[in-house]
Amino acid sequence: MPLLGALLAAGCGGDQRPDPVPLSAGYEVPPLEAGPWRLPAEGWPGWSLEPLGSGDGVTAVLDTPLEAWERGPLDGVWVLPLPVPLLRPTDAVLLLDDVEAPRFPLGQALPSPAEVEANRGRWLAAGSQIWLSAPEPPQRAQVRLTLPLGELGPFGWRLRLPQLSANGIPLTMGQPRRIDFAPSAVERELRVATWSAANAEVADGQPVTFRFDVDGREAARFEQAATFVGSRTTRCIEIPAGARSVTLTVDGPPCLAAAIDPWIDVPRARSDDTRPDIVVFLADTLRADMLAAYRDDDPGAGPMPGVDALAARSRVYLGARSNAPWTLPSQASLLTGLPPLGHGAINSGRSLPDALPRLAALLQEAGYRTAAVTEGVYVSADYGLDRGFAVFDERSRSVERTVETALAELRDDDPRPLLLYVQSYRAHAPYHAGPDGPLPDVAARLRPGLGPRLRDAALLDPSLDPRGLDEAGLAGVFRGVVERDWDLYVASAKALDSALAPLWSALDERAVPTFTVFTSDHGEEFGEHDGASHGHALWEELIRIPLFIHGPDIAPGFDPTTVSLLDLTPTIASWAGVEPDPRWVGVPLGGASAGSAAFAWACTSAEHPESRAIVAGVDKWIEWDEPQRLQHFDLELDPNEWAPTPVESPSPTLEALQARQRALSVPPAVAPRRAVLGPEARARLRALGYAADED
């Protein structure tokens, strides 16, 4: 069994204020013994557990009787309910008469009737079920499920669970987990979140039960309902003076279970630590002009009156830019403090290297509770953005559910200061809100002549067929598409604004000093430069973003200096009293050297960046590779970027800025990892308009 002794020696003897003890630090999964898994559903004979290698996982084996199979929604399909969710579809294996059955191709959606007929004997894992194409249910079948146990990470044992990545300890049915620690002369408490995921249909009403024994005696027992999406509840257990161990046991229906972010400390109040909480809300794909401050308009006159009201009480950075025109490289820059080429996560096939700095990791090392609530896809553990967050909750859900989960983190009475990162795709395509009231006129912003990108952009609407249309016809189609999508986009921004109201109310009511950041990772084009969507260029509608901060000693008002998301990283660290990582390239907002220039890259490979942009005040330069050219824009005289001035001979100022950008374009010393995506992640990428597996 694991012993944390030396690591957790703080607090021995007469120390009246021992340091907090993170129980996942130094933890390693002990050897597992096979044991039965009792199932409540009638007709199920039970499970057995088999250890898989050195802590890599556990294989749950289920011999399925004939009556366990149900008729599926298609003729010739038989369905078997799974008792637990799968982290990856490849974690399931189906054996028919002791022979592994072939699968439908990985990434295959639910099959059509024709595919069912053409693939007899094949199967796939679909959500909480196994689908088998067969004329009759199998007489003898066995399902083998690999249950994840996690791995050792920089802050101790790291769990990778369905829709959740966190510091913690895996719990397996019938396998008690004992953790030894150094005793203390004072009473302490164990704070932990119990997490479980189980199929309610299979559980048949039985709750999942968590039991905590201290030095062999039961100290607490908790029940939580079986839910397939997983539920997480914070618990507090008294640890008497002199106690040396805690044993965790889970019982009930078959489930995945874990103890999330467990740690022992003396009872404290949040007020004992005077460091501020920090809350960052990132509205994915939100253009700056959705907020009144960036349109020079009255607060409340646009689609986001709630956010406008908070901005009116905040420091608004009118010259804020993203460092890339799409989600992954932009948010990776914010969370690592490195430019896109410097961290390497610049296409759908690349994940952040573990060795890179993480803002959240620095704050966690300093004693912050670090949590993220995201809507997944690129902002996910698949791409390494979870590193440094003690709890990283990622799932495809409505923005209302995202806000609910964020509020639960805010309301947790944990005494540690909090870094909370919240991200939502509510303003991202596909837009799914209807128009509500008068909307801005998109036609007034469309460039008069629509050029070569038109044919591709017209295909935004799958119901339209541009074949046989001349350029004028395509122009008409395109205008109709972008006008419709602009209306939907603005309505999506309105829906986002309404959903955020409870979050702003909760932040206003907090007694703890709190810094609040509102920003975006990129904008969206609606025909201003012959294109649509994002990721392809560095026009203002794509990289100019909203950014405002609210908090202690932050003077409200407008700041016109040029800043970027790279400057937000050291700013947050300074609020937490943490020294910046020497590899970071930004400077804290409001500092003496802030506001010199912002740099952005549009690229999918380090070897072939499509374009680079430099913004310094009202001057902007875009350097294109194909065809090679350098253009200058005066954003005060030409805010739409429709009248570029060719640059024949760069000035000394521009040469210095270009040299700085070249220095920031060096790839990381450690190559990015290849992102390994499951079918559900691939499908979600496609739904958002991205292609997976680029490299």
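Sequence positions are assigned chain by chain, starting from 1 and proceeding in written order. The predicted nature of this model means local features are confined to residues of pLDDT at least 70 and side-chain atom pairs, given and counted, to a pLDDT of 80 or more, with totals for whole chains, interfaces and linings taken over all residues. Each side-chain value is worked out from all heavy atoms of the structure, with water and hydrogens disregarded.

Each helix and strand in the protein chain was counted, giving 13 helices and 38 strands. Burial classification: accessible surface area is computed with a 1.4 Å probe over protein chains only, and a residue below 20% of its type maximum counts as buried, one above 50% as exposed, and the rest as partly exposed. Counting only residues that meet the buried cut, the protein chain has 58% of its 695 residues in that class. Here the protein chain has roughly 27,800 Å² of accessible surface; of this, 52% comes from carbon and sulfur atoms. Strands here are runs of E lasting at least two residues and helices are runs of H or I lasting at least four, both read from the DSSP assignment and numbered beginning at the N terminus. To measure how exposed things are, a 1.4 Å probe is used in the Shrake-Rupley method; for residues, cover is taken only from the protein chains shown.

Here a cavity denotes grid points, spaced 1 Å and computed from the protein atoms alone, that fit a 1.4 Å probe unable to get out, and a pocket denotes an open set having protein on both sides within 12 Å along at least 5 of 7 lines; residues with an atom within 4 Å of a point are the lining. Grid points are joined across faces, edges and corners, and a volume is the space filled by probe spheres set on the points. Applying the stated rule across the entire model yields 3 cavities of 30 Å³ or more. A volume near 110 Å³ is recorded for the largest cavity. As for the largest cavity, its lining consists of 15 residues, and the residues nearest its centre are Pro 148, Leu 171, Thr 172, Leu 256 and Ala 257. The element best represented in the lining of the largest cavity is strand S21 (residues 256–265), accounting for 3 residues. Ten residues, namely Ala, Val, Leu, Ile, Met, Phe, Trp, Tyr, Cys and Pro, are considered nonpolar, four, namely Asp, Glu, Lys and Arg, are considered charged, and the remaining ones, Gly among them, are considered polar. For the lining of the largest cavity, the residue count by class is 14 nonpolar, 1 polar and no charged. In this structure, the second largest cavity is lined by Val 280, Leu 334, Leu 335, Leu 359, Ala 360, Phe 389, Leu 419, Tyr 421 and Ile 572. Of all the secondary-structure elements, those providing two or more residues to the lining of the second largest cavity are helix H4 (327–336), helix H6 (359–365) and strand S27 (418–424). A per-class count over the lining of the second largest cavity returns 9 nonpolar, no polar and no charged.

What follows is about the confidence of the model for the protein chain. Residue-level pLDDT values for the protein chain average 83, and 83% of them are 70 or greater. The quantity known as pLDDT measures the predictor's confidence residue by residue, on a range of 0 to 100. What makes two residues a contact is simply this: any of their non-hydrogen atoms within 4.5 Å. This model gives residues 1–15 a pLDDT under 50, and the stretch forms 36 contacts once residues within four places in sequence are excluded. Note that pLDDT drops below 50 for residues 36–45; the model gives that stretch 34 contacts with residues more than four away or on any other chain.

The subject of this paragraph is the environment of Ser 333. Looking at the secondary structure, you find Ser 333 in helix H4. Look at Ser 333 and you get buried, because its relative accessible area is 0%. Taking the C-alpha atoms as reference points, Ser 333 and Leu 565, separated by 232 residues in sequence, lie 7.2 Å from one another. Apart from the residues lying within four places of it in its own chain, the contact partners of Ser 333 are Asn 323, Leu 338, Pro 339, Pro 340, His 343, Leu 566 and Thr 569. Whenever two N or O atoms come within 3.5 Å, that pair is a polar contact, provided that in protein one can donate a hydrogen and the other can accept it, and provided that, for residues adjacent in sequence, both atoms are side-chain atoms. There is a polar contact of 3.2 Å between the side chain of Ser 333 and the side chain of His 343.

All right, on to helix H11 (residues 565–575) then. Where burial is concerned, most of H11 is hidden: 10 out of the 11 residues are buried. Trailing H11 by a residue or two, Gly 577 shows a phi angle of about 75°, which is positive.

As a further point, take the packing of aromatic side chains. Centre distance and the angle of the planes are the two values used to describe a pair of aromatic rings. We call Phe, Tyr and Trp rings a pair once their centres come within 6.5 Å, taking the six-membered ring for Trp, and we label the pair stacked below 30 degrees between planes, edge-to-face above 60, and tilted otherwise. Scanning all chains against the criterion turns up 16 aromatic pairs. Centroid distance Trp 326 to Tyr 378: 5.2 Å. Interplanar angle 75°. Geometry classified as edge-to-face. In this pair, Trp 326 is assigned in the loop between strand S23 (315–321) and H4 and Tyr 378 in the loop between strand S25 (369–374) and strand S26 (391–394), connecting sequence segments 52 residues apart. The exposure class assigned to Trp 326 is buried, which follows from its relative accessible area of 8%. You can call Tyr 378 buried: its relative accessible area is 1%.

A few words on the pairing of S23. In terms of burial, S23 is a largely internal element, 5 of the 7 residues being buried. Strand direction decides the pairing type here: S23 and strand S31 (residues 547–550), joined by 2 bridges, are antiparallel. Of the residues in S31, the one forming a bridge with Arg 315 is Ile 549. Paired strands are those between which DSSP finds at least two bridges. For S23 and strand S32 (residues 557–564), the ladder comprises 6 bridges, and the chain directions are parallel. Across the sheet, Arg 315 pairs through a bridge with Gly 557, a residue of S32.

On the basis of which strands lie adjacent, the open sheet formed by 4 strands has the order S5-S6-S10-S9 and antiparallel pairing. The open sheet has two free edges, formed respectively by strand S5 (70–71) and strand S9 (123–126), since each of these has just one partner strand. Pairing analysis gives 2 bridges linking S5 to strand S6 (residues 77–81), with the strands arranged antiparallel. Note that in S6 the partner of Arg 71 across the bridge is Trp 78.

Attention now goes to the sheet that holds strand S18 (residues 217–224). With antiparallel pairing, 4 strands are arranged side by side in an open sheet as S15-S20-S17-S18. In the strand order of this sheet, the two ends are held by strand S15 (177–180) and S18, each with one partner. Across the sheet, the mean angle separating the axes of adjacent strands is 15° when strand polarity is ignored. Comment: axis = line fitted to C-alpha atoms, over the contacting stretch for helices; angle = value between 0 and 180 degrees taken between N-to-C directions.

Of note, the amide linkage connecting Ala 429 to Pro 430 takes the cis form, showing an omega dihedral of 0°. With respect to the helices, strands and loops of the structure, Pro 430 is situated in the loop between S27 and helix H8 (454–458).

Criterion for a salt bridge: a side-chain nitrogen of Lys or Arg within 4 Å of a carboxyl oxygen of Asp or Glu. The tally for this structure, following the rule as stated, stands at 36 salt bridges. With its nearest N and O atoms 3.9 Å apart, the salt bridge here joins Asp 97 to Arg 140. On the criterion of sequence distance, the pair formed by Asp 97 in the loop between strand S7 (92–96) and strand S8 (99–100) and Arg 140 in the loop between strand S10 (129–133) and strand S11 (141–148) is long-range, its members being 43 residues apart. Accessibility expressed as a relative area gives 48% for Asp 97, which makes it partly exposed. Between Arg 583 and Asp 581 there is a salt bridge whose closest N-O contact spans 3.0 Å. One connected set of salt bridges, linked through shared partners, spans Arg 232, Asp 261, Arg 369, Asp 393, Arg 395, Arg 397, Glu 409, Asp 414 and Arg 416.

Running from N to C, H4 and H11 cross one another at 25°; their axes reach a closest spacing of 7 Å. In terms of axis orientation, H4 runs roughly parallel to H11. In this structure, the crossing between H4 and H11 has a hand that is right-handed. Packed against H4, whose contacting residues are Ser 330, Ser 333 and Leu 334, the element H11 presents Leu 565, Leu 566, Leu 568 and Thr 569 at the interface. The residue makeup of the contact of H4 with H11, split by class, is 4 nonpolar, 3 polar and no charged. Angular relationships are summarised with four words: roughly parallel below 35 degrees, roughly antiparallel beyond 145, roughly perpendicular across 65 to 115, and oblique for the angles in between. Crossing handedness follows the turn of the near helix against the far one: under a right angle anticlockwise gives a left-handed crossing, and clockwise gives a right-handed one.

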